[in-house]
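# Report on the structure
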Amino acid sequence: MSDVMTNSENKTENQMWGGRFAGGPASVMEDINASIDVDRRLWREDITGSKAHADMLASTGIISDEDNAAIQKGLDAIAGEIERGEFPFSKALEDIHMNIEARLKELVGEPAGRLHTARSRNDQVATDFRLWVRQSCADAAASLRALCRALASKAAANADAVMPGFTHLQTAQPVTFGHHLLAYVEMFARDAARFDDAAQRMNECPLGAAALAGTSFPIDREQTAKALGFDRPCANSLDAVSSRDFAMEAMAAASITATHLSRLGEELVIWTSAQFDFVKLSDAFSTGSSIMPQKRNPDAAELVRAKAGRIIASMNALMIVMKGLPMAYAKDMQEDKAATFECFEALGLGLVAMTGMIEDLSVNRGAMKSAAGDGFSTATDLADWLVRKLNMPFRDAHHVTGAIVAQADNTGVMLHELSLADMQQVEPRITDDVFSVLSVDASIASRTSFGGTAPENVKREAEKWLKHLGS
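Within the chain, the secondary structure is distributed over 20 helices and six strands. Over its C-alpha trace the chain gives a radius of gyration of 31 Å, far above what one expects of a compact globule, namely 23 Å for 471 residues. C-alpha atoms of the chain, sized along the principal axes, occupy 100 × 55 × 40 Å. By the burial criterion, 48% of the 471 residues in the chain qualify as buried. Of the roughly 22200 Å² of accessible surface on the chain, a fraction of 52% belongs to carbon and sulfur atoms. Positive and negative charge centroids in the chain, built from 47 and 64 side chains respectively, lie 2 Å apart.

Of note, Glu94 is situated in the loop between helix 5 (65-83) and helix 6 (96-108). With a relative accessible area of 3%, Glu94 lands in the buried category. Within the structure, Glu94 has its side chain in polar contact with the side chain of Lys331 (distance 3.5 Å).

It is worth spelling out the pairing of strand 2 (residues 170-176) at this point. On any regular strand, side chains alternate: one points to one face of the sheet, the next to the other face. Where strand 1 (residues 162-167) and strand 2 come together, six bridges link them in antiparallel fashion. Bridge pairing in strand 2 links Met163 to Val175.

Below, the discussion takes up the nonpolar core. If you look at the biggest cluster of nonpolar residues, it comprises 96 residues, and the most contacted ones within it are Leu151, Phe177, Phe188, Phe195, Leu347 and Met354. When residues of this core are assigned to their parent elements, the largest contribution, 14 residues, is made by helix 12 (residues 245-271). In terms of nonpolar packing, the next biggest core, distinct from the first, is built from 21 residues, Phe376, Trp385, Leu415 and Leu438 among them.

Parameters and conventions
Residues numbered from 1 in each chain as written. Predicted model: local features only at pLDDT ≥ 70, side-chain atom pairs only at ≥ 80, totals over all residues. Heavy atoms only, no water. Helix = DSSP H or I, 4+ residues; strand = E, 2+ residues; numbered from the N terminus. Rg over C-alpha atoms; globule rule 2.2 N^0.38 Å. Buried < 20%, exposed > 50% of the residue type's maximum accessible area, 1.4 Å probe, protein only. Areas by Shrake-Rupley, 256 points an atom, 1.4 Å probe, with all protein chains shown as cover. Lys, Arg positive; Asp, Glu negative; His and termini not counted. Charge placed at Lys NZ, Arg CZ, Asp CG, Glu CD. Polar contact = N/O pair within 3.5 Å; in protein donor to acceptor, adjacent residues only side chain to side chain. Pairing = 2+ DSSP bridges. Core = buried A, V, L, I, M, F, W, Y, C linked by side-chain atoms within 4.5 Å.

Written out as C-alpha cells, the structure is:
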C-alpha cells in the first residue's frame, strides 16, 4: 500500500496550502500533522474570532459589506452544523481553522476566500487559544469560589466542633473543624485570585499580527481586540504569535490548585478511615469492594488526589515543548492544546467533585473530640499557664511541662487526669487553677488571637467569607 495520498484525497489540502505544493503528503505526515481531533473544541473561539476579523475588514474597506454579510451568514450556519453534530470534520484539512474555512467556501463561495486577508493561522490560533484559556481561567475561578462557599458553610456549622490539630501528622494542639476548613478557604481563594490575575495578564489580542511581522493592510487591531473582549492588541507581532506563557501561567495556577485539592483529598481519605472516623461520605461519593462487603472506599477523594499528578504533568509537558523554540512560530506549538485541554478538564472535574464531597460529608464530633484530647494536646496550654501565673520564662515553662508530660505518660493518664500532687513534684508552685486550662474545650476557647481557632473567631470568619462570596 502506498504511503502517498491520491490526488483526490489531497486536492482540498493543496488548495488550502497554495500552489507551492504539487504532491500530497505521506500518510504518516498527515497523521502527525493533523490536530483536528484535539483542536476541534476551539470551534466557538475560531468562529467568534473570524466574525470579528471579517467585521473589521469590512469597516476598514478591505472587503465589501456584501462579502462580510455572506461570511457572517456562512459562519453562523457552520456554528449551527457543529452544534447539531452535522459538521463534516476532515482530518485531511489538518485543524479546526482550515476545516471551518473549507466549509465556509462550500457554503458561500468566493467571499470565503477573502476572510483570511491580513490574517495567518499563526495569529488566528493564538487568538483562539487565548480566548479558550481566558474562559477556562474564569471557569476555574468560579468553581473555586463555589468550593470556598461549601467549605465556609460547613465551617460555620462546625465552628465549635473540636478536633486534633496536627503537625507531622502527630497530635499537636486542639483546633476546631471549622477552623481547619477555613484554612482551605484561604488557600482556594488565593488560587481563584491567581486565575483572575492570569486572565488579566493574557487579555491582549494577537489577531492582526499575521504570520509574525504584521500586515501591510490598513487593519484596525483595536476594533478586533475590543470585539473579542481583550483590553488591547498585543504590542509585538513576534510575541503575539510565538508566546504561550499565558497558557503556562494558567496551568501553573491549575497545578497549585491541584496541589491544594490533593491535600484536602488526602485528608478526606484519612478522616473517613475506620482508624480516624472523623467524617463520613454518603453513598454518592463512596464505592464498595468487589470482594470485601464491609468496605466503603473514598474513591472520589482518591481520584481528586491522583489528578493532581496529571495536571502538574500537563504543565511540565508544555514547558518542555516551549523551552527550546526560537522565535517565532514553530509547529511544536501544535502540542500546546492537548496538554492544556487535559489540564483544565481534570481540574474542572476535581473541583466539582471536591465541592460535592464537602457539601455531602457528615461530621463525627464525638470521635473528633475524643482524639483531640489524645497525645497530651494541651501541653502548650500548661506551659502558657506557667508563664502567665508563675511569671516563668517560656523556655523554663517548656522544660517543666515536658517533665510533667513524661510523668503523665509514665503513669498512663492524660494531663488533666494527673493529680495536683504529682505536678507539684515537678513544680511546687502549681495550684488547682492549672486544671482550668487542661481541657480541650478550655484550650480551644483560649485561642482568641487574630486568626486563632476559638469558636467565636471561626464563626465570625466563616460568616465574613460567606458574605464575601455572595452566599
